[in-house]
Amino acid sequence: MKRFQFTVGQKVVPGFLYGTAWKEERTARCVEEAIAAGFRGIDTANQRKHYFEAGVGRALQTIFAAGDLQREDLFIQTKFTEERGQDHRLPYDRAAAPADKVRQSLASSLEHLGIDYLDSFILHGPSVPYGLSSTDWQTWRAMEECQREGKTELLGISNVSLEQLEELCGNAAILPAFVQNRCFARTGWDRQVRHFCREQGIIYQGFSLLTANPEIFREPAFGAIVERTGATPAQVVFRFALGTGILPLTGTTDPAHMREDLACADLELNRDELATIESLAG
């Protein structure tokens, strides 16, 4: 099986991430199965509303205790989530200043995960729909400080518009290494943000590549590519993502699908097929 990789400076980033949202008590089992299948990158968040970060930690400790993998063999990414994205189970003091919330959330994440540093720390999204607020800037400055202190190797931002990303990159002391967005075919697979990321040397992480785009599976042109390759529709989408510079996430709970998804790296799509998929519903 081929292994795609991305690089940020000297840092090697796995070419496929396993996402852990919405798994609750299945989280530990799913993470163990994903790593057994071959995943070396795990995405989570300190947002109990949608993630069970401590479950990821349980899996990591089981894996490390077995001795086959060490901390440095895995890429671990988690997120700081603003209060509006949380439920009542906050990982920080509601009354704390934004910078203190970041520090409290990160400390909680490291405890949940049983590790002493992150590979990537993501701002789960700006606090406002347009532009960046004072709170967003205080949050980002605190995240920058966390990187300087060695608590995370890289930073990123999720659920961000092009305008917000341009503002962040124009004023941040430390630029995001990653953007993680829901990726819709109808917007050219988030074409404008992806192009900006490419220009800035930012790795674009795409999530909901399958669930956000059910319409493409009804497209005859897509069906023809699936038929030619003999691959699954999911494999074609993920291989398209890799072929266009998108680092894909998958959250499947089926071990067979985990292995199938990773095997997309062995699939060959030609330039015309990549262009066809990029234009679907766009």
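This is a predicted model, so every value here is computed, not measured.

What counts and what doesn't
Residues numbered from 1 in each chain as written. Predicted model: local features only at pLDDT ≥ 70, side-chain atom pairs only at ≥ 80, totals over all residues. Heavy atoms only, no water. Buried < 20%, exposed > 50% of the residue type's maximum accessible area, 1.4 Å probe, protein only. Helix = DSSP H or I, 4+ residues; strand = E, 2+ residues; numbered from the N terminus. Pairing = 2+ DSSP bridges. Axes fitted to C-alpha atoms, helices over the stretch in contact; angles between N-to-C directions. Contact = heavy atoms within 4.5 Å. Phe/Tyr/Trp six-rings, centres within 6.5 Å; stacked < 30°, edge-to-face > 60°. Lys NZ or Arg CZ within 6 Å of the ring centre and 35° of its normal. Parallel < 35°, antiparallel > 145°, perpendicular 65-115°, else oblique. Left-handed = near helix turned anticlockwise from the far one by under 90°. Nonpolar A, V, L, I, M, F, W, Y, C, P; charged D, E, K, R; others polar. Arc of directions from axis to C-beta. Polar contact = N/O pair within 3.5 Å; in protein donor to acceptor, adjacent residues only side chain to side chain.

Caption draft 1: Summary view of the pairing of strand β1 (residues 5–8). Side chains of β1 alternate between two faces, with F6 and V8 buried and Q5 and T7 left unburied. Looking at chain direction, β1 and strand β2 (residues 11–14) are connected through four bridges and run antiparallel. By the bridge assignment for β2, F6 is matched with V13. Here β1 hands over to β2 after two residues, with G9 in that stretch at a positive phi of 60°.

Caption draft 2: Expanded view of the sheet that holds strand β7 (residues 152–158). Read around the closed barrel, eight strands run β3-β4-β5-β6-β7-β8-β9-β10, paired in parallel fashion. When strand polarity is set aside, the average angle formed by the axes of neighbouring strands in this sheet is 30°. For strand β3 (residues 17–19) and strand β10 (residues 246–250), the ladder comprises two bridges, and the chain directions are parallel. Counted as the bridge partner of Y18 is T250 from β10. Docked against the sheet, helix α3 (residues 98–113) engages β5 (75–80) and β6 (118–123), running at close to 145° with respect to β5. With respect to the sheet, helix α4 (residues 134–148) is in contact with β5, β6 and β7, its orientation differing from that of β7 by roughly 155°.

Caption draft 3: Summary view of the packing of aromatic side chains. Enumeration according to the criterion identifies seven aromatic pairs in this entry. Grouping aromatic residues by their ring pairs yields a cluster made of F16, Y18, F39 and F238. The lysine or arginine in question, R71, covers the ring of Y117, its NZ or CZ lying 4.1 Å from the ring centre. If you follow R186 out to its NZ or CZ, it ends over the ring of F184, 4.2 Å from the centre.

Caption draft 4: Focus on the packing of helix α1 (residues 27–37) against helix α9 (residues 255–262). Closest axis-to-axis distance for the α1/α9 pair is 9 Å, and the angle between their directions is 40°. One way to sum up the angle between α1 and α9 is to call them oblique. The handedness of the crossing between α1 and α9 comes out as right-handed. Side by side, α1 and α9 meet where C30, E33, A34 and A37 of the first sit next to P255, M258, R259 and L262 of the second. The class makeup of the residues in the contact of α1 with α9 is six nonpolar, no polar and two charged.

Caption draft 5: Broad picture of unusual backbone geometry. Notably, W22 is not glycine yet its phi reads approximately 65°, a positive angle. One can find W22 in the loop between β3 and α1. A relative accessible area of 56% places W22 in the exposed class. A positive phi angle, close to 60°, is found at W189, a residue other than glycine. Summarising the element assignment, W189 is placed in the loop between β8 (178–182) and α6 (191–200).

Caption draft 6: View of helix α10 (residues 271–279). Looking only at α10, the buried set comprises E273, L274, I277 and E278. Buried positions in α10, seen along its axis, are confined to an arc of 135° and lie on one side of it. The exposed set on the far side of α10, more than 90 degrees from its buried face, consists of R271 and D272. Close packing links the buried residues of α10 with α6, α7 (220–229) and α8 (233–243). Capping the start of α10, N270 holds a side-chain oxygen 3.1 Å from the backbone nitrogen of D272, two or three residues further along. Following α10 by one or two positions, A281 adopts a phi angle in the positive range, close to 60°.

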